[in-house]
Amino acid sequence: MRKTDVLVVGGGPAGLVAAWEAAANGKDLDVLLIERDRAIGTPVRCAEGVGSAGLKEFMSPDGADWVSRRITKVIFWAPDDTEVLVGGGDVGYVLDRTRFEPAIADEARRAGAEILIRTEAMAMERLNGAWKVRLEGPRGAEDVLARVVIGADGVESMIVRWAGLDTRVASRDMESCAQYVVSNITFDPDAIYLHFAQQWAPGGYAWIFPKGVGVANVGLGMIALKGDGRMARQYLDAYVAKYFPNGNVTSLTVGGVIAGLTVKRCATDGVMLAGDAAHMINPLSGGGIVNAMKGGRLAGRHAAAAILEGDTSAKRLQRHHDDWMQLLGEDHIKYYRMKEA
């Protein structure tokens, strides 16, 4: 059985930064990250927008090939189609996540982490003060014994179930989302648009995030309980037909976004959660990339520190949750109240 100090499950922004930080802060620690998909950065599951300040805490966007578009304006689109400019300046970026996440993976490897793709965690159990995790991948099935497991495996996380953590979500706090990449359309390529209208996105909003001139991520998030029985993609089809009838749809993304609060407990003996698995998502905007990276940074640092201290107990790892709440979690409580209003 292979032994490792830190096993990170999930190769999205949270997991990649967690592996990067654990390797960088833990001298001579063995750090392994596994990702079940065929490549880091795919499939793309979000609108790919990030704020400038948060992004620059981790990576410089200057001249980076993983930047699709720099954003200098934020436009709210009212239900009557009135446009209101609500922000300007150094707003943010629309990423190319198929390149962005491999760039983070390169940093993690340089720090000393090992990354395995097409490898999935199939089961997990406590064994002699560590976690025995069954992996299946290109080289078959194998067991890994990890001192700390970081669950960064998204909203559908299995790590949370195996670790006995409660991450249930109320139906009113789960957004169903659908997004197309649409070309041959007209909009301001320097602006992101947020369109608020119950007709198009009940309980949520539609968005236009530029990928270039005439090309954008066009999508919406909605709460099914507030809808009329149609799926998010059906709402999106009607939306695109209305506003971009001559657009060319080239790809589809569907999924769920949790618009709730951070889980009350995101650590137990030898396990921490980060990113979407811990519900570290802005409940008002649904934004999660930079939040996931910040949560992953905390998890990676605490994993390294706890192992070096010789204490991977739930009490020690709970400091990850406490630090997150101080960093952004308390703000998310306010954003959640605004979302509910």
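Presented here is an overview of the structure given in this document. (Residues numbered from 1 in each chain as written. Predicted model: local features only at pLDDT ≥ 70, side-chain atom pairs only at ≥ 80, totals over all residues. Heavy atoms only, no water.)

### Let's talk about the overall build of the chain
Check the secondary structure of the chain and you find seven helices and 16 strands. The globule rule puts the C-alpha radius of gyration for 341 residues at 20 Å, and the 20 Å found for the chain is close to it. Counting only C-alpha atoms, the chain reaches 60 × 40 × 35 Å along its principal axes. Within the chain, the proportion of its 341 residues that are buried is 53%. Accessible surface computed for the chain: about 15000 Å², of which carbon and sulfur atoms make up 49%. (Helix = DSSP H or I, 4+ residues; strand = E, 2+ residues; numbered from the N terminus. Rg over C-alpha atoms; globule rule 2.2 N^0.38 Å. Buried < 20%, exposed > 50% of the residue type's maximum accessible area, 1.4 Å probe, protein only. Areas by Shrake-Rupley, 256 points an atom, 1.4 Å probe, with all protein chains shown as cover.)

### Topic: helix α1 (residues 13-25)
Taking 1.5 Å of rise per residue, the 13 residues of α1 would be expected to cover 18 Å, and the 18 Å separating its terminal C-alpha atoms lies within 8% of that figure. When you tally the buried positions in α1, you get 11 out of 13 residues, the bulk of the element. Looking at α1, one finds that the buried residues are Pro13, Ala14, Gly15, Leu16, Val17, Ala18, Ala19, Trp20, Glu21, Ala22 and Ala23. On its buried side, α1 packs onto β1 (2-9), β2 (31-34), α3 (97-111), β6 (114-116), β9 (140-151) and α6 (289-309). (Expected span 1.5 Å × (residues − 1). Contact = heavy atoms within 4.5 Å.)

### Remarks on a nonpolar patch on the surface
Taken together, Phe76, Val84, Val86 and Phe196 make up a surface patch of nonpolar side chains, about 300 Å² in accessible area. A relative accessible area of 44% places Val86 in the partly exposed class. (Patch = residues over 30% accessible without salt bridge, like charges linked within 9 Å, V, L, I, M, F, W, Y side chains within 5 Å. Salt bridge = Lys/Arg side-chain N within 4 Å of Asp/Glu carboxyl O.)

### Concerning the side chain of Glu48
Structurally, the position occupied by Glu48 is in the loop between β2 and β3 (49-51). According to the relative accessible area criterion, Glu48 is buried, its value standing at 3%. If sequence neighbours within four positions are ignored, Glu48 has contacts with Tyr93, Val94, Leu95, Asp96, Arg97, Lys211, Asn217 and Ile289.

### With respect to the environment of Ile104
Of note, Ile104 is situated in helix α3. Along the sequence, Ile104 and Gly221 sit 117 residues apart, while their C-alpha atoms lie 27 Å from each other. Contacts of Ile104, omitting those with residues within four sequence positions, involve Leu16, Val17, Trp20, Met59 and Met293.

### Remarks on the sheet that holds strand β4 (residues 67-77)
A sheet is described by the order of its strands in space; here eight strands give the open sequence β3-β5-β4-β11-β12-β13-β10-β14, paired in mixed fashion. Edge positions in the sheet fall to β3 and β14 (248-258), since each of these pairs with one other strand and no more. Shown here is a sheet whose adjacent strand axes are inclined to one another by a mean of 30°, direction ignored. As paired strands, strand β10 (residues 174-183) and strand β13 (residues 215-223) are joined by nine bridges and run antiparallel to one another. Bridged to Ala178 within β13 is Leu220. (Pairing = 2+ DSSP bridges. Axes fitted to C-alpha atoms, helices over the stretch in contact; angles between N-to-C directions.)

### As for the pattern of salt bridges
On inspection of all chains with the given rule, the structure shows 30 salt bridges. Across the pair Asp30 and Arg2 runs a salt bridge, and its minimum N-O distance is 3.4 Å. On the criterion of sequence distance, the pair formed by Asp30 in the loop between α1 and β2 and Arg2 in strand β1 is long-range, its members being 28 residues apart. Through salt bridges with shared partners, one network takes in Arg36, Asp37, Arg45 and Glu156.

### Considerations on the nonpolar core
Ranked by size, the top nonpolar core spans 45 residues in total, and within it Val6, Met59, Trp66, Leu95, Phe100, Ile104 and Ile150 carry the most contacts. Those elements that provide at least two residues to this core are β1, α1, β2, β5 (83-95), α3, β9 and α6. Excluding anything up to four places from it in sequence, Trp66 contacts Leu55, Met59, Ser60, Pro61, Leu95, Asp96, Arg99, Phe100 and Ala103. By size, the runner-up hydrophobic cluster in this structure holds 27 residues, among which are Val263, Cys266, Val271 and Leu273. (Core = buried A, V, L, I, M, F, W, Y, C linked by side-chain atoms within 4.5 Å.)

### Focus: the state of the cysteines
Across all of its chains, the model carries zero disulfides by this definition. Free cysteine Cys177: the closest other cysteine sulfur is in Cys46, separated by 10 Å. (Disulfide = S-S within 2.5 Å.)

### Overview of the packing of α1 against α6
With their axes 7 Å apart at the nearest point, α1 and α6 run at an angle of 30° to one another. Considering how the two elements wind past one another, α1 and α6 form a crossing that is right-handed. Contacts between α1 and α6 involve Pro13, Ala14, Val17, Ala18, Glu21, Ala22 and Asn25 on the former and, on the latter, Ile289, Ala292, Met293, Gly296, Arg297, Gly300, Arg301, Ala304 and Leu308. (Left-handed = near helix turned anticlockwise from the far one by under 90°.)

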